[in-house]
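# Observations on the model geometry
Chain by chain, the residues:
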Amino acid sequence: MVQNSYIFYAFLLEEAPECVILCSIEVETAYMINEEKVILMTRASLYEEKQKKKALKISKYFRHDYISLQLLTGWFFATVSFALCAALWAVCNMEYLLNNIHKMDLKSFGLTILVLYVLTVAVYSCLLYGVCSYRYSQARRSVGSYAQTLKKISDIYEKEEAAGSEKTDGGEKHDSIT
């Protein structure tokens, strides 16, 4: 980093000799790279690109509210899917149903369909509960680590500002009297 600074100084020397000392001080303070800050900023940027929208959307809810909402939408889609599958089965077996409808016990047939529906929705809801619980905990954990990363970046900026304000006083520290 220092060698690049000297090349930059030599270039300034040819263009404007009166600015050499002033520019060399600015270059040293302006181009000092804090590696920890770069790593943290890169980590935060990658998180924002890949996971921010989904994780932040999930973490805005309380756990119970998020899971309840997902179970409600899951119940709706499970019901629609079951109805479509039942209609498809009925269309595929239409000839059998029409030939034997007067011989069938419609009460037990309806009860069988109801039991299949309840089992389907129950199994799907249990699986959905597990998946949503896992997604919620992962989202909260990732948003928490993202917030810690932002806090660390903020602390680094505060330290740099504090160090910058000490240097602008002419390099001298003053006590409360002077």
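Residues numbered from 1 in each chain as written. Predicted model: local features only at pLDDT ≥ 70, side-chain atom pairs only at ≥ 80, totals over all residues. Heavy atoms only, no water.

### With respect to helix 4 (residues 52-59)
- Where helix 4 is concerned, the buried positions are A55, I58 and S59. Around the axis of helix 4, the buried residues are gathered within 95° of arc, so they sit on the same side. Of the residues in helix 4, the exposed ones pointing more than 90 degrees away from the buried face are K53 and K57. (Buried < 20%, exposed > 50% of the residue type's maximum accessible area, 1.4 Å probe, protein only. Helix = DSSP H or I, 4+ residues; strand = E, 2+ residues; numbered from the N terminus. Arc of directions from axis to C-beta.)

### Points about the pattern of salt bridges
- Per the stated rule, a full pass over the model turns up two salt bridges.
- In this structure, K37 and E160 form a salt bridge, with 3.2 Å as the shortest nitrogen-oxygen distance. Here K37 is found in helix 3 (residues 35-50), whereas its partner E160 is found in helix 7 (residues 106-167), with 123 residues between them in sequence.
- For K37, a relative accessible area of 15% corresponds to the buried category.
- The class of E160 is partly exposed, set by a relative accessible area of 32%.
- D155 is the salt-bridge partner of K151, the closest N and O atoms lying 3.2 Å from each other. Here the residue K151 and the residue D155 both occupy positions in helix 7, the gap between them amounting to four residues, near one helical turn.
- You can call D155 partly exposed: its relative accessible area is 27%. (Salt bridge = Lys/Arg side-chain N within 4 Å of Asp/Glu carboxyl O.)

### Some points on the packing of aromatic side chains
- As enumerated under the stated definition, the model contains five aromatic pairs in all.
- Joined through ring pairs, the aromatic side chains of Y61, Y66 and Y136 make up one cluster. (Phe/Tyr/Trp six-rings, centres within 6.5 Å; stacked < 30°, edge-to-face > 60°.)

### Overview of helix 3
- With 16 residues, helix 3 should cover 22 Å at 1.5 Å per step; its first-to-last C-alpha distance of 23 Å lies within 8% of that length.
- Within helix 3, the full set of buried residues consists of K37, L40, A44 and Y47. What you see down the axis of helix 3 is that its buried residues fit within an arc of 95°, all on one side. Every exposed residue of helix 3 that faces more than 90 degrees away from the buried side is listed here: E35, E49 and K50. (Expected span 1.5 Å × (residues − 1).)

### A few points about the nonpolar core
- The biggest cluster of nonpolar side chains holds 15 residues, and the ones touching the most others in it are Y47, A55, I58, Y66 and C132.
- Listed by contribution, the elements that provide at least two residues to this core are helix 3, helix 4, helix 5 (63-92) and helix 7.
- With eight residues, helix 7 is the largest single contributor of residues to this core.
- Ignoring sequence-local partners within four residues, the contact set of I58 consists of Y66, R135, Y136 and A139. (Core = buried A, V, L, I, M, F, W, Y, C linked by side-chain atoms within 4.5 Å. Contact = heavy atoms within 4.5 Å.)

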